[in-house]
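# Summary of the model geometry
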Amino acid sequence: MKLILLGPPGSGKGTQASLLGKKYNIPHLSTGDILRSKLNDKDALAMKLSEIMSSGNLVPDSILNPIVTEKLLSEDCKNGFILDGFPRNKSQSDFLLEFLEIKQIELNLIVNFTANTDTIKNRILERSKTENRSDDNIKAIETRLEKYFTETQPLADIFKDKFKGKFFEINAMQEISKIHYEIENRLKNA
Ligand code: ADP
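So, here is what we can say about the structure in this document. (Residues numbered from 1 in each chain as written. Predicted model: local features only at pLDDT ≥ 70, side-chain atom pairs only at ≥ 80, totals over all residues. Heavy atoms only, no water.)

## So, the overall build of the chain
As a reminder of what qualifies: Secondary structure follows DSSP: runs of H or I at least 4 residues long count as helices, runs of E at least 2 residues long count as strands, and numbering of each begins at the N terminus. Only C-alpha atoms enter the radius of gyration; for comparison, a globular chain is expected to reach 2.2 Å times N to the power 0.38, where N is the number of residues. Buried, partly exposed and exposed residues are distinguished by accessible area as a fraction of the type maximum, computed with a 1.4 Å probe on protein chains only: under 20%, between the cut-offs, and over 50%, respectively. By the convention used here, residues are in contact when the closest approach between their heavy atoms is within 4.5 Å. Here the open area of atoms and residues is found with the Shrake-Rupley method and a 1.4 Å probe, where only the protein chains shown may cover a residue. In this charge count, Lys and Arg are treated as positive and Asp and Glu as negative; neither His nor the chain ends contribute. All charge positions are set by atom: Lys at NZ, Arg at CZ, Asp at CG, Glu at CD.
Broken down by element type, the chain carries nine helices and five strands. Reading the helices (α) and strands (β) of the chain from amino to carboxyl end gives β-α-β-α-α-α-β-α-β-α-α-α-β-α. Whereas a compact globule of 190 residues would reach a radius of gyration of roughly 16 Å, the chain reaches 16 Å, a difference of no more than 12%. In terms of its C-alpha atoms, the chain occupies a principal-axis envelope of roughly 40 × 35 × 30 Å. When the 190 residues of the chain are sorted by exposure, 45% land in the buried category. A separation of at least 24 residues holds for 75% of the contacts in the chain among residues at least 6 apart in sequence. Of the roughly 10100 Å² of accessible surface on the chain, a fraction of 49% belongs to carbon and sulfur atoms. Measuring between centres, the 28 positive side-chain charges of the chain sit 3 Å from its 27 negative side-chain charges.

What follows is the structure, given as structure tokens:
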């Protein structure tokens with residue numbers, strides 16, 4: 001099972017990825033989580049990442065691309081993976097598509113989560129009450145959403161064109177169980 005989850009911040013990709021990961025026993029590769037784990041290193045890279053991430057900006061491709069490919073080639077991902085948070089811009093998308101082609105990695109499903117801006121903002125603000133993320137403040141949320149709409153959302157059309165029949169859009173404002181059920185249904189036919 002090789003999946004890519006696309007969609008805005010706060011749309012519930014992480015929640016669904018973790019449900020699917022447990023069910024199929026495949027790793028959930030969240031670039032946000034991977035980057036956050038690097039912040040604990042407290043080295044020069046961690047300082048740089050912390051500054052970029054807390055403002056809601058995108059981490060440079062030169063840092064992220066090798067991290068993602070190393071993970072995708074690891075033993076853990078041999079039977080599948082759920083990629084969440086990557087690609088986020090056109091150059092990451094070009095890079096990933098070329099990488100998958102060269103390594104002959106076939107995707108089963110690309111799920112594009114859709115939700116309106118108010119729902120997303122509210123969800124992220126709710127989450128900020130329980131999770132201590134430096135980017136869950138209103139200013140960083142605005143920046144992340146702006147990045148999403150200008151850089152990430154246009155990628156959906158590229159994936160839709162390239163992976164006809166494997167691309168599907170889900171209304172992420174539904175209940176968690178309903179979204180999970182719909183993705184499962186699509187996976188059965190993937
Ligand atoms: P969210 O989807 O809620 O914005 P994530 O946990 O996916 O949160 O990502 C948090 C931050 O990590 C992003 O705002 C960005 O700074 C960085 N990040 C994650 N994935 C990428 C990526 N593919 N390219 C650049 N930066 C990324």
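There's more to say after this.
## Re the nonpolar core
Let me state the cut-off plainly: Put simply, buried Ala, Val, Leu, Ile, Met, Phe, Trp, Tyr and Cys residues joined by side-chain atoms within 4.5 Å make one nonpolar core.
One finds Ile4, Phe81, Leu83, Ile110 and Phe159 to be the most contacted residues of the largest nonpolar core, which totals 30 residues. Counting residues per element, the ones that place at least two in this core are strand 1 (2-6), helix 2 (31-39), helix 3 (44-55), helix 4 (61-73), strand 3 (81-84), helix 5 (90-102) and helix 8 (155-162). Tallying contributions element by element places helix 4 first for this core, with five residues. When neighbours within four sequence positions are excluded, Leu83 is seen to be in contact with Leu3, Ile4, Leu5, Leu29, Val68 and Leu96. Judged by nonpolar contacts, the second largest core, of 20 residues, contains Leu3, Leu20, Ile120 and Ile179.

## Re the packing of aromatic side chains
The condition is simple: Aromatic contacts are taken between Phe, Tyr and Trp rings whose centres are within 6.5 Å, Trp giving its six-membered ring; a plane angle under 30 degrees counts as stacked, one over 60 as edge-to-face, and the others as tilted.
Summed over all chains, the structure comprises two aromatic pairs. Ring geometry for Phe159 and Phe163: centres 5.7 Å apart, planes at 20 degrees, overall stacked. No difference in accessibility class separates Phe159 from Phe163, as the two residues are buried.

## Observations concerning the site of the ligand
Stated formally: When at least one non-hydrogen atom of a residue lies within 4 Å of a molecule or strand, that residue is treated as near it. Throughout this description, a polar contact denotes any pair of N or O atoms lying within 3.5 Å of each other; where both atoms belong to protein, one of them has to be capable of donating a hydrogen while the other can accept it, and for residues adjacent in sequence the pair is counted only when both atoms sit in side chains. The method works on a 1 Å grid over the protein atoms by themselves. A cavity is a set of points holding a 1.4 Å probe that cannot get out, a pocket is an open set with protein on both sides within 12 Å along at least five of seven lines, and residues with an atom within 4 Å of a point line them. Placement in a cavity or pocket follows one criterion, namely that more than half of the molecule's atoms lie within 2 Å of its grid points. Throughout this entry, Asp, Glu, Lys and Arg are counted as charged residues, while Ala, Val, Leu, Ile, Met, Phe, Trp, Tyr, Cys and Pro are counted as nonpolar. The remaining residues, Gly among them, count as polar.
Taken together, 18 residues surround the ligand, and among them Thr31, Arg36, Asn57, Leu64 and Gln92 come closest. Contacts to the ligand include Arg88, whose side-chain N or O atom sits 2.9 Å from a nitrogen atom. In this structure, Arg127 approaches the ligand through a side-chain N or O atom, which is 3.3 Å from an oxygen atom. Within the complex, the protein chains bury 96% of what would otherwise be the 550 Å² of accessible surface of the ligand. For the ligand, the cavity whose grid points lie within 2 Å of the majority of its atoms is the largest pocket. For the shell around the ligand, the element with the most residues is helix 2, which contributes four residues. Of the residues contributing to the shell around the ligand, the split by class is seven nonpolar, five polar and six charged.

## As for helix 9 (residues 176-188)
Our working rule: By this rule the span expected of a helix is its residue count minus one, scaled by 1.5 Å. Each C-beta atom gives one direction from the helix axis, and the arc is the one those directions make.
Counted at 1.5 Å a residue, the expected span for helix 9 with its 13 residues is 18 Å, and the 18 Å between its end C-alpha atoms agrees. Within helix 9 the residues assigned to the buried category are Ile179, His180, Ile183, Glu184 and Leu187. One face of helix 9 carries all of its buried residues, which in axial projection span an arc of 135 degrees. Opposite the buried face of helix 9, at more than 90 degrees from it, the exposed residues are Tyr181 and Lys188. Among the structural elements, strand 1, helix 1 (13-24), strand 4 (109-114) and strand 5 (167-171) are those in contact with the buried residues of helix 9.

## Description of the sheet that holds strand 4
What counts is decided by this rule: Paired strands, in this sense, are two strands between which DSSP finds at least two bridges. Lines fitted to the C-alpha atoms define the axes, with helices restricted to the stretch that makes contact. Angles between their N-to-C directions range from 0 to 180 degrees.
An order of 2-3-1-4-5 is seen for the five strands of this open sheet, with the pairing classed as parallel. Because the sheet does not close on itself, it has two edges, and the strands there are strand 2 (28-30) and strand 5. Averaged over all pairs of adjacent strands, the angle between their axes in this sheet comes to 20 degrees, without regard to strand direction. Pairing of strand 2 with strand 3, which is carried by three bridges, proceeds in the parallel orientation. Looking at the pairing, Ser30 lines up with Asp84 of strand 3. Across the sheet, helix 1 is in contact with strand 1, strand 2, strand 3 and strand 4; its angle to strand 3 comes to roughly 175 degrees.

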